[in-house]
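Structure at a glance
Each chain is listed here by its residues.
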Amino acid sequence: RTVLARLDEIERALKSLLTVLDSKQSPVETIDRALVGLESVPFDVGDVLRAFQNGSEDEIESVKLRLARLADLDAVARAECQRMLEKTTVAIDRTRVLKTRLEILATSTTTGDSIDCTR
């Protein structure tokens with residue numbers, strides 16, 4: 001694969017990940033597949049620089065624009081991941097509170113504590 005082909009693959013993989021993250025109904029497995037797809041494309045800035053160190057001004061400018069576009073997509077993906085992490089953390093915290101309440105309820109029934117409902 002050429003460096004440009006890898007840059008194209010990375011861009012497609014980032015866009016795919018963003019599409020999955022943007023969908024509110026994406027299961028974890030779908031997100032994981034998108035991440036695996038992104039991680040499967042090797043990326044080394046050094047490779048890109050070496051490949052175009054003797055390139056024409058037009059080639060170098062084109063690669064700079066592509067790298068800038070990738071950086072923008074990466075920033076959006078990281079921001080979306082952070083937003084999802086924050087939402088997930090809140091949901092996990094709520095679940096823990098609920099679990100604690102249910103454990104308290106279970107404890108009271110197993111220890112024989114009961115509420116007198118006859119009054």
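This one's a predicted model, so the numbers in the text were calculated from it and none came from an experiment. (Residues numbered from 1 in each chain as written. Predicted model: local features only at pLDDT ≥ 70, side-chain atom pairs only at ≥ 80, totals over all residues. Heavy atoms only, no water.)

**With respect to the overall build of the protein**
- Regarding its fold elements, the protein presents 4 helices and 0 strands.
- Out of the 119 residues belonging to the protein, those deemed buried represent 21%.
- Partitioning the intrachain contacts of the protein with sequence separation of at least 6 by distance along the chain shows that 72% fall at a separation of at least 24.
- As displayed, the protein offers around 9100 Å² of accessible surface, 58% of which is attributable to carbon and sulfur atoms. (Helix = DSSP H or I, 4+ residues; strand = E, 2+ residues; numbered from the N terminus. Buried < 20%, exposed > 50% of the residue type's maximum accessible area, 1.4 Å probe, protein only. Contact = heavy atoms within 4.5 Å. Areas by Shrake-Rupley, 256 points an atom, 1.4 Å probe, with all protein chains shown as cover.)

**Concerning the nonpolar core**
- If you look at the biggest cluster of nonpolar residues, it comprises 19 residues, and the most contacted ones within it are Ile 10, Leu 14, Leu 17, Leu 38 and Val 48.
- Secondary structure elements with two or more residues in this core: helix H1 (3-22), helix H2 (28-39), helix H3 (45-52) and helix H4 (57-110).
- When residues of this core are assigned to their parent elements, the largest contribution, 9 residues, is made by H1.
- With residues up to four places along the chain from it excluded, the contact list for Ile 10 reads Leu 38, Val 41, Pro 42, Phe 43 and Leu 70. (Core = buried A, V, L, I, M, F, W, Y, C linked by side-chain atoms within 4.5 Å.)

**Side note on a negative patch on the surface**
- Taken together, Glu 57, Asp 58, Glu 59 and Glu 61 make up a surface patch of like negative charges.
- Mapped onto the secondary structure, Asp 58 falls in helix H4. (Patch = residues over 30% accessible without salt bridge, like charges linked within 9 Å, V, L, I, M, F, W, Y side chains within 5 Å. Salt bridge = Lys/Arg side-chain N within 4 Å of Asp/Glu carboxyl O. Lys, Arg positive; Asp, Glu negative; His and termini not counted. Charge placed at Lys NZ, Arg CZ, Asp CG, Glu CD.)

**A short note on the pattern of salt bridges**
- On inspection of all chains with the given rule, the structure shows 10 salt bridges.
- Among the ionic pairs, Asp 8 bridges to Arg 66, the shortest N-O distance being 1.9 Å. Of this pair, Asp 8 sits in helix H1 while Arg 66 is found in helix H4, placing the two residues 58 residues apart along the sequence.
- Residue Asp 8 is classed as partly exposed on the basis of its relative accessible area, which comes to 27%.

**Observations concerning the side chain of Glu 11**
- Counting through the fold element by element, Glu 11 comes out in helix H1.
- At a separation of 2.9 Å, a polar atom in the side chain of Glu 11 contacts the side chain of Arg 69.
- For Glu 11, the contacting residues outside a window of four places in its chain are Arg 69, Leu 70 and Leu 73. (Polar contact = N/O pair within 3.5 Å; in protein donor to acceptor, adjacent residues only side chain to side chain.)

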